[in-house]
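One letter stands for each residue in the lines below.
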Amino acid sequence: MQFYLISDNSDTAMGMRLTGVPGVVVHDEAGVRHALESAMENPDVAIILMTEKLVELCAELVYDIKLNRRAPLIVEIPDRHATTHISDAIDRYIADAIGIRMS
């Protein structure tokens with residue numbers, strides 16, 4: 001079981017690659033969809049790390065996968081420009097999953 005990164009930033013991808021995490025750099029919705037499909041087809045990928053900007057780009061698809069598939073787990077990570085707070089993303093995910101607002 002391994003991690004896989006889908007990033008919009010080559011610096012993030014390089015840093016993760018140095019730790020042994022493979023991945024791709026994409027910049028548009030079609031690229032994100034293709035990268036997600038490829039990662040989900042690989043039975044060795046247990047956790048997909050995605051930068052917050054890319055999660056926002058395909059939010060409906062990402063949340064559908066999170067809510068309706070057991071594997072792989074998709075984890076939203078901040079990129080170096082961190083435009084939102086991860087706690088807000090977690091609150092939004094919980095609200096979508098069980099219909100309860102945490103704030």
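Residues numbered from 1 in each chain as written. Predicted model: local features only at pLDDT ≥ 70, side-chain atom pairs only at ≥ 80, totals over all residues. Heavy atoms only, no water.

Peer 1: Got a sec to walk through unusual backbone geometry? Specific residues and values, please.
Peer 2: For the peptide bond that leads from Ala71 to Pro72, omega is -5°, which places it in the cis range. Mapping Pro72 onto the fold places it in the loop between helix H4 (59-68) and strand S4 (73-77). (Helix = DSSP H or I, 4+ residues; strand = E, 2+ residues; numbered from the N terminus.)

Peer 1: Can you break down the environment of Ala35 residue by residue, with the values?
Peer 2: For Ala35, the position within the fold is in helix H2 (residues 29-41). You can call Ala35 buried: its relative accessible area is 5%. Considering only alpha carbons, one finds Ala35 and Val24, eleven residues apart in sequence, at a separation of 7.3 Å. For Ala35, the contacting residues outside a window of four places in its chain are Ile6, Val24 and Val26. (Buried < 20%, exposed > 50% of the residue type's maximum accessible area, 1.4 Å probe, protein only. Contact = heavy atoms within 4.5 Å.)

Peer 1: Account for the sheet that holds strand S3 (residues 45-51), with residues named and values stated.
Peer 2: Working definition: the strands of a sheet are paired by backbone hydrogen bonds and lie parallel or antiparallel to each other. The sheet built from four strands is open, its strands ordered S2-S1-S3-S4 with parallel pairing. A strand with exactly one partner marks an edge of an open sheet, and here the two such strands are strand S2 (23-25) and S4. Here the average twist between neighbouring strands, direction ignored, is 15°. In this sheet, S3 lies alongside strand S1 (residues 2-7) in parallel orientation, the contact comprising five bridges. When the sheet's bridge partners are listed, Phe3 is paired in S3 with Ile47. Along the sheet, helix H1 (residues 10-18) makes contact with S1, S2, S3 and S4, crossing S1 at roughly 165°. (Pairing = 2+ DSSP bridges. Axes fitted to C-alpha atoms, helices over the stretch in contact; angles between N-to-C directions.)

Peer 1: How would you summarise the side chain of Asp8 if you had to cite specific residues and measurements?
Peer 2: You can see Asp8 is positioned in the loop between S1 and H1. Of note is the side chain of Asp8, whose polar atom sits 2.8 Å from the side chain of Thr51. (Polar contact = N/O pair within 3.5 Å; in protein donor to acceptor, adjacent residues only side chain to side chain.)

Peer 1: Which residues make up the environment of Ile48, and what values do they have?
Peer 2: Among the structural elements, Ile48 can be located in strand S3. Ile48 sits in the buried class, given a relative accessible area of 0%. As a C-alpha pair, Ile48 and Leu36 span twelve residues in sequence and 8.3 Å in three-dimensional space. The contact partners of Ile48, leaving out residues within four places of it in the chain, are Tyr4, Ile6, Leu36, Ala39, Met40, Pro72, Leu73, Ile74 and Val75.

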